[in-house]
Amino acid sequence: MKRIIVWLRNDLRVHDNPVLDWAAKYGGKTKEILPVYSIDPRFTTRRVEKYDTQKCGPLRARFLLETLENLRTNLEALGSHLLITLEKPEDFLPLLISENADNTLVYQEEICKEELDVEKAVKDAMASKKAKVQGIWGSTIYHRDDLPFKPAEYLPHIYGKFREKTEGTRVRAILPTPKKGELAFPAKKNDLITKTSSFLPDLVKDLGYPKDSLPPQDPRACYDFKGGEDAGLKRLKEYLWDTKAVAQYALTRNQLLGSNYSSKLSPWLALGALSPRQIYHETRKFEDKHRKNESTKVFVDELFWRDFNRYWCMRYGTKVFFEYGIYDRTYYDWKTNMDIINRWRQGKTGMPLIDALMRDMNATGFMPNRGRMVVACYLTMDLKQDWRYGAHYFEEKLIDHDVQSNYGGWAFSSGIGPGRVLVFNSVKQSRDFDKNGEYIKSWVPELKRVPTEYIHEPWTMPLTLQVACKTKIGEDYPKPIACEKYVKTGSAGAGAAKKVVKKRSKSASSD
Ligand SMILES: Cc1cc2nc3c(=O)[nH]c(=O)nc-3n(C[C@H](O)[C@H](O)[C@H](O)COP(=O)(O)OP(=O)(O)OC[C@H]3O[C@@H](n4cnc5c(N)ncnc54)[C@H](O)[C@@H]3O)c2cc1C
């Protein structure tokens with residue numbers, strides 16, 4: 001008898017799942033398969049003292065629990081089950097080894113240090129009990145082994161070159177969902193580990209999040225995110241087939257309001273509740289059936305950023321977390337002023353667009369892509385604060401947090417990553433992408449009476465007007481954090497500040 005222990009990680013789905021597919025096909029018919037997920041405290045409630053953050057905030061933890069519940073239901077429909085434990089995987093997985101069986105553990109390989117450390121601990125623990133261990137690649141559109149180079153050794157240094165070099169690389173077909181009975185769970189499931197067998201942990205009682213830590217569902221949220229592959233597949237269908245919004249993506253993707261300006265698929269992708277390959281093939285199908293246009297092309301291009309970030313982290317290892325990044329750009333000379341960092345985190349900087357974006361993320365766990373670039377650039381390029389205080393905060397708050405895309409995105413936005421250094425002017429971004437201040441007014445209600453012409457720079461309002469619209473800057477809404485670029489000279493000062501940054505980086509460009 002073979003026993004296959006399937007350690008599920010960021011691959012929480014039954015569709016196009018290479019690990020489940022491997023388990024279904026491996027070792028003939030006399031076998032039993034045990035899918036397991038560990039809610040590891042090191043990746044959930046642990047506090048990261050240095051950055052004063054938590055690894056996973058309650059919104060993402062709730063999304064994870066919903067995902068696990070849905071996965072268990074879908075596995076049960078296939079005649080299987082999902083064991084859930086709160087113990088560390090290296091402690092729990094060896095307990096599943098059967099003395100009367102030939103044991104193998106199979107899992108999806110990860111990329112970054114913390115995940116690799118856990119992987120090593122699990123491998124050691126299993127090896128000490130003489131179980132076999134099988135890692136499987138599965139988190140990208142292009143399979144690692146199909147790339148025309150070995151990403152751990154070489155990677156084109158910028159995204160555009162990555163796309164050029166990988167053009168023509170095949171995207172493997174979607175794997176079939178295992179058929180009913182192919183994932184045979186041990187017959188005496190309740191004898192196995194009663195505690196974990198039917199256990200679906202509670203956010204407060206079991207995971208230890210404070211009772212009132214979950215903000216109520218915010219009616220301003222751009223989307224009603226619910227965890228689980230069923231909800232992810234529903235959203236994919238909605239975005240592609242029902243609304244055909246993907247056909248407008250190039251025109252809408254920089255907007256800040258509404259559910260269809262972008263796909264909103266990232267939270268499901270981050271936990272592997274959606275397969276990136278499934279999205280890729282479905283988009284190609286959409287192009288064949290309806291239309292292939294600039295928007296569908298840009299959408300696929302954006303999806304491949306996710307692959308690039310993964311291979312970038314694989315190529316540079318722990319350097320991607322370094323203070324001055326993979327190129328050691330020490331000229332940035334980051335500051336760490338917790339007062340400034342906390343004002344940024346809380347959405348109280350006095351810069352309306354920045355505050356709106358941060359409050360949106362704090363309340364809903366999501367922020368539009370344009371916004372992520374703008375707030376990251378503001379914290380690092382304008383306020384000169386250490387980018388890691390921003391990245392760790394995003395890690396806590398985002399429901400789509402994904403180590404590679406988050407740290408890649410921060411490196412890119414703070415000038416220490418791959419490609420051109422983009423220096424944004426937050427006021428210009430505000431005027432360009434929230435022309436009438438609708439997004440600002442929805443998230444910063446203190447400014448709702450401010451006339452549109454002042455909404456992007458309320459500190460320039462004459463005092464008489466501040467009184468007339470009952471919005472005194474410094475009392476009802478904060479004065480902006482001192483920053484030469486905006487405060488001394490208003491947005492006109494942006495040019496001077498841009499020059500400073502340009503001098504430091506030859507490849508800099510600004511927007
Ligand atoms: C500072 C910063 C931090 C970020 N942190 C994360 C993160 O933790 N998790 C995460 O998934 N994305 C992150 N991103 C990338 C991007 O902002 C989100 O993927 C995107 O906003 C998700 O919304 P969407 O699903 O509607 O994307 P869409 O615009 O509809 O794009 C479709 C998919 O393509 C991928 N994608 C799009 N843009 C990017 C990008 N720039 N980098 C990588 N993948 C991309 C995502 O998987 C996304 O779901 C970050 C970007 C920045 C600048």
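Residues numbered from 1 in each chain as written. Predicted model: local features only at pLDDT ≥ 70, side-chain atom pairs only at ≥ 80, totals over all residues. Heavy atoms only, no water.

1. Concerning empty space enclosed by the protein
Where empty space is left in the structure can be found by rolling a water-sized probe over the atoms.
Consideration 1: One pass over the structure, following the stated rule, counts 2 cavities of 30 Å³ or more.
Consideration 2: Estimated volume of the largest cavity: approximately 40 Å³.
Consideration 3: For the lining of the largest cavity, the secondary structure elements donating two or more residues are helix H10 (266–271) and helix H12 (294–316).
Consideration 4: Its residues assigned to classes, the lining of the largest cavity comprises 4 nonpolar, 5 polar and 3 charged.
Consideration 5: Empty space within the second largest cavity amounts to approximately 40 Å³.
Consideration 6: As for the second largest cavity, its lining consists of Met351, Pro352, Leu353, Ile354, Ser426, Val427, Ser430 and His456.
Consideration 7: Elements with a minimum of two residues in the lining of the second largest cavity: helix H14 (352–364) and helix H18 (426–433).
Consideration 8: For the lining of the second largest cavity, the residue count by class is 5 nonpolar, 3 polar and no charged. (1 Å grid on protein atoms, 1.4 Å probe; cavity = no way out; pocket = protein on both sides within 12 Å on 5 of 7 lines; lining within 4 Å. Points joined across faces, edges and corners; volume = space filled by probe spheres on them. Helix = DSSP H or I, 4+ residues; strand = E, 2+ residues; numbered from the N terminus. Nonpolar A, V, L, I, M, F, W, Y, C, P; charged D, E, K, R; others polar.)

2. A look at the domain arrangement of the protein
Consideration 1: You can read the domains of the protein as domain 1 (1–185 + 219–315) and domain 2 (330–510).
Consideration 2: Using only C-alpha atoms to locate each centre, domain 1 and domain 2 end up separated by 32 Å.
Consideration 3: Across the contact, 37 residues belong to domain 1 and 38 residues belong to domain 2.
Consideration 4: When domain 1 packs against domain 2, the two sides together hide about 3,300 Å² of surface, and 61% of this comes from carbon and sulfur.
Consideration 5: The largest contributions to the domain 1 side of the interface with domain 2 come from Tyr51, Arg220 and Leu256, which together make up 22% of the buried area.
Consideration 6: Glu395 serves as the salt-bridge partner of Lys55, at 2.9 Å between the closest nitrogen and oxygen.
Consideration 7: Between the two partners, domain 1 and domain 2, sit 13 residue pairs in polar contact (both at pLDDT 80 or more).
Consideration 8: Considering every element that reaches the side of domain 1 that touches domain 2, the biggest residue donor is H12, with 7 residues.
Consideration 9: A class-by-class count of the residues in the side of domain 1 that touches domain 2 yields 19 nonpolar, 8 polar and 10 charged. (Domains from an automatic or database assignment. Contact = heavy atoms within 4.5 Å. Buried area = accessible area lost by both parts, 1.4 Å probe. Salt bridge = Lys/Arg side-chain N within 4 Å of Asp/Glu carboxyl O. Polar contact = N/O pair within 3.5 Å; in protein donor to acceptor, adjacent residues only side chain to side chain.)

3. Observations concerning the layout of surface pockets
Consideration 1: One number sums up the size of the largest pocket: a volume of about 1,300 Å³.
Consideration 2: As for the largest pocket, its lining consists of 43 residues, and the residues nearest its centre are Glu302, Trp305, Asn309, Asn369 and Met373.
Consideration 3: The set of elements that each furnish at least two residues to the lining of the largest pocket consists of H10, H12, helix H15 (369–382) and helix H17 (403–413).
Consideration 4: Looking at the lining of the largest pocket, its residues break down into 21 nonpolar, 13 polar and 9 charged.
Consideration 5: When we break the lining of the largest pocket down by domain, the ones giving at least three residues each are domain 1 (1–185 + 219–315) and domain 2 (330–510).
Consideration 6: Empty space within the second largest pocket amounts to approximately 840 Å³.
Consideration 7: Around the second largest pocket, the lining comprises 43 residues; the ones closest to its centre are Asn10, Phe43, Glu115, Glu395 and Val403.
Consideration 8: At the level of elements, strand S1 (2–8), strand S2 (31–38), helix H2 (58–77), helix H4 (113–127), H10, helix H16 (387–397) and H17 are the ones that each hand at least two residues to the lining of the second largest pocket.

4. Here we look at the site of the ligand
Consideration 1: The ligand sits among 27 residues. The nearest are Tyr249, Ser262, Ser263, Lys264 and Asn369.
Consideration 2: Contact distances for the ligand include 2.5 Å between an oxygen atom and a side-chain N or O atom of Tyr249.
Consideration 3: Between Ser262 and the ligand, the recorded distance is 2.6 Å, taken from a side-chain N or O atom to an oxygen atom.
Consideration 4: Contact with the protein chains removes 95% of the 820 Å² of surface that the ligand exposes when unbound.
Consideration 5: The pocket occupied by the ligand, as judged from atoms lying within 2 Å of grid points, is the largest pocket.
Consideration 6: Counting only elements with at least two residues in the shell around the ligand, the list comes to H10, H12, H15 and H17.
Consideration 7: Examining the composition of the shell around the ligand, we find that 6 residues originate from one element, H12, more than from any other.
Consideration 8: Looking at the shell around the ligand residue by residue, the classes come out as 11 nonpolar, 10 polar and 6 charged.
Consideration 9: When residues are assigned to domains, the shell around the ligand turns out to be shared by domain 1 (1–185 + 219–315) and domain 2 (330–510), each giving three or more. (Near = heavy atom within 4 Å. Areas by Shrake-Rupley, 256 points an atom, 1.4 Å probe, with all protein chains shown as cover. Sits in = over half its atoms within 2 Å of the grid points.)

5. Some words on the pattern of salt bridges
Consideration 1: Enumeration over the complete set of coordinates arrives at 38 salt bridges.
Consideration 2: Between Lys237 and Asp242 there is a salt bridge, with the nearest N and O atoms lying 3.2 Å from each other.
Consideration 3: Relative accessible area serves as the criterion here: at 46%, Lys237 is assigned to the partly exposed category.
Consideration 4: Owing to a relative accessible area of 46%, Asp242 belongs among the partly exposed residues under this scheme.
Consideration 5: Where Asp400 meets Arg372, a salt bridge forms, and the shortest distance between an N and an O atom there is 2.8 Å. Of the two residues, Asp400 is situated in the loop between H16 and H17 and Arg372 in helix H15; the sequence distance between them amounts to 28 residues.
Consideration 6: Residues participating in the shared-partner salt-bridge network are Arg46, Lys55, Glu114 and Glu395. (Buried < 20%, exposed > 50% of the residue type's maximum accessible area, 1.4 Å probe, protein only.)

6. Brief notes about the pairing of strand S7 (residues 132–136)
Consideration 1: Judged from the 5 bridges that link them, strand S6 (residues 102–108) and S7 form a sheet pairing that is parallel. Residue pairing for S7: Thr104 is matched across the bridge by Lys132.
Consideration 2: Handedness of the crossover joining S6 and S7 through H4 is recorded here as right-handed. (Pairing = 2+ DSSP bridges. Right-handed = clockwise from strand over helix to strand, strands pointing away.)

7. Here's the deal with the environment of Gln385
Consideration 1: Relative to the helices and strands, Gln385 is located in the loop between H15 and H16.
Consideration 2: Expressed as a C-alpha distance, the spacing of Gln385 and Ala121, which sit 264 residues apart in the sequence, is 35 Å.
Consideration 3: Within the structure, the side chain of Gln385 is placed 2.7 Å from the backbone nitrogen of Asn337, a separation counted as a polar contact.
Consideration 4: A distance of 3.0 Å separates a polar side-chain atom of Gln385 from the backbone oxygen of Leu383.

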